[in-house]
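A structural walkthrough
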Amino acid sequence: MPHVYTENAHADRKPVTAPALRAMKDDGRKIVMLTAYDASFAARADEAGIDVVLVGDSLGMVVQGHASTLPVTLDQTVYHTAAVSRGLSKALLVADLPFMSDRDPAFALEAARRLMGEGGAAMVKLEGAGHICGVIEALVERNVPVCAHLGLTPQSVHRLGGYRVQGREEAVAEQILADAHAVAAAGAQLLVLEAVPAELAARITRELDIPTIGIGAGADTDGQVLVVYDMLGITPGKRPKFSKDFLAGRGSVVEAMAAFADDVRDGRFPAAEHQY
Ligand code: KIV
């Protein structure tokens, strides 16, 4: 059935909190997450009923035009987070810790203070496991909600040798599974799984109590995230296999976002062609 956007359909919903995401997993309700970098896109995402808005360091690529996320600074992320925060009233606001701001717990705590205190974020996201688990513990101990990020971690692009699917080989898949358990044990309340085989993401989702959000990780995660410029067909170059142009054939940005949300909630997105 074609998607029909109803204005103000989500006007009465309650603000989304970190514990509410866990309840959504427990109830089998899909979590819909989208990136945003400014107040206007954030307001449209809220209007479309998006649950979680991420100020991703993808801003370095899709807004600033860099080849990677590495040049994004903490000052820039705080600036964009504050702008997004002014546009939101319902969605949970998550902000990325930029490259190297998780290098030690003290630095990450100060970065989180700025992203939450100045930027208005309600959760911070950081990539990887290993020493990052100690950073997650330090943040959680100081009441900072944490979203972990495993699989293709774009801040490791030079070590990985490119933006490639992770976890096709058994040993790498086992490591990602072990890392998922480790970040959850460290206290992360949400886990993004990027560009991993659908089967691996489904196993992690089954084994963890915390919600998983997939991007290129198949349909069997607890939610989905896309980069907003990818799903509106704005990003130059080839669209990633896991994304889809939701604006094509629709009249407005908010309709495209609402169609994405409906397709995730009704299990139409991602389809087989969007997964590995
Ligand atoms: O930076 C970003 O936009 C992200 C999403 C792709 C999850 O990390």
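Cut-off values and rules
Residues numbered from 1 in each chain as written. Predicted model: local features only at pLDDT ≥ 70, side-chain atom pairs only at ≥ 80, totals over all residues. Heavy atoms only, no water. Helix = DSSP H or I, 4+ residues; strand = E, 2+ residues; numbered from the N terminus. Rg over C-alpha atoms; globule rule 2.2 N^0.38 Å. Buried < 20%, exposed > 50% of the residue type's maximum accessible area, 1.4 Å probe, protein only. Axes fitted to C-alpha atoms, helices over the stretch in contact; angles between N-to-C directions. Parallel < 35°, antiparallel > 145°, perpendicular 65-115°, else oblique. Left-handed = near helix turned anticlockwise from the far one by under 90°. Contact = heavy atoms within 4.5 Å. Nonpolar A, V, L, I, M, F, W, Y, C, P; charged D, E, K, R; others polar. Arc of directions from axis to C-beta. Polar contact = N/O pair within 3.5 Å; in protein donor to acceptor, adjacent residues only side chain to side chain. Near = heavy atom within 4 Å. UniProt positions renumbered as here; feature names shortened; annotations may be inferred. Pairing = 2+ DSSP bridges.

1. Side note on the overall build of the chain
Helix and strand content of the chain: 11 helices and 8 strands. For 276 residues, the compact-globule estimate of 2.2 N^0.38 gives 19 Å, and the chain sits close to it at 17 Å. Considered along the principal axes of its C-alpha atoms, the chain spans approximately 45 × 40 × 40 Å. Counting all 276 residues of the chain, 56% fall into the buried class.

2. Brief notes about the packing of helix α8 (residues 170-186) against helix α9 (residues 198-207)
One way to put it is that α8 packs onto α9 with a least axis distance of 10 Å and a crossing angle of 25 degrees. What the angle tells us is that α8 and α9 run roughly parallel. For the pair α8 and α9, the crossing hand works out as right-handed. Mapping the contact onto sequence places A173, E174, I176, L177, A180 and H181 in α8 and L200, R203, I204 and E207 in α9. Residue classes in the contact of α8 with α9 are distributed as 6 nonpolar, 1 polar and 3 charged.

3. Points about helix α2 (residues 39-47)
Burial in α2 covers these residues: F41, A42, A45 and D46. Looking down the long axis of α2, one finds its buried residues gathered within 140 degrees of arc, a one-sided arrangement. The inward-facing, buried residues of α2 contact β2 (52-55), α4 (74-87), α10 (228-231) and α11 (253-265). Between the side-chain oxygen at the start of α2 and the backbone nitrogen of S40 there is a gap of 3.1 Å, and the oxygen is on D38. In the segment just after α2, G49 is the residue with positive phi, at about 85 degrees.

4. A closer look at the site of the ligand
Close to the ligand lie T35, L54, G56, D57, S58, D96, K125, H149, V192, I215, V225 and V227. Take D57: an N or O atom from its main chain is 3.1 Å from an oxygen atom of the ligand. Taking S58, its side chain carries an N or O atom lying 2.5 Å from an oxygen atom of the ligand. Split by residue class, the shell around the ligand holds 5 nonpolar, 4 polar and 3 charged.

5. Some details on the UniProt feature "binding site: 3-methyl-2-oxobutanoate" (unreviewed entry) in the chain
Under the local residue numbering, the UniProt record ascribes the feature "binding site: 3-methyl-2-oxobutanoate" (unreviewed entry) to D57, S58, D96 and K125. The greatest C-alpha distance among the annotated residues, which extend across 69 residues, is 12.4 Å, indicating that they converge on a single site. Taking relative accessible area as the criterion, D57 reaches 4% and is therefore assigned buried. Setting aside anything within four residues of it in sequence, one finds D57 in contact with T69, V72, D96, L97, E127 and Q155. Along the chain, K125 falls in strand β4 (residues 123-127). Classification of K125 as buried rests on a relative accessible area of 3%. Leave out the neighbours within four places in its chain, and K125 touches L54, V94, A95, D96, L97, C147, H149 and V192. A distance of 2.8 Å separates a polar atom in the side chain of K125 from a polar atom in the side chain of D96.

6. Quick word on the sheet that holds β2
With parallel pairing, 8 strands are arranged side by side around a closed barrel as β1-β2-β3-β4-β5-β6-β7-β8. For this sheet, the mean angle separating the axes of adjacent strands, direction not counted, is 25 degrees. Inspection of the sheet shows strand β7 (residues 212-215) paired to strand β8 (residues 223-226) by 2 bridges, in the parallel sense. Among the inter-strand pairings, I213 is bridged to a residue of β8, identified as G223. Contacts from α11 reach β1 (31-35) and β8, with the element oriented near 145 degrees to β1.

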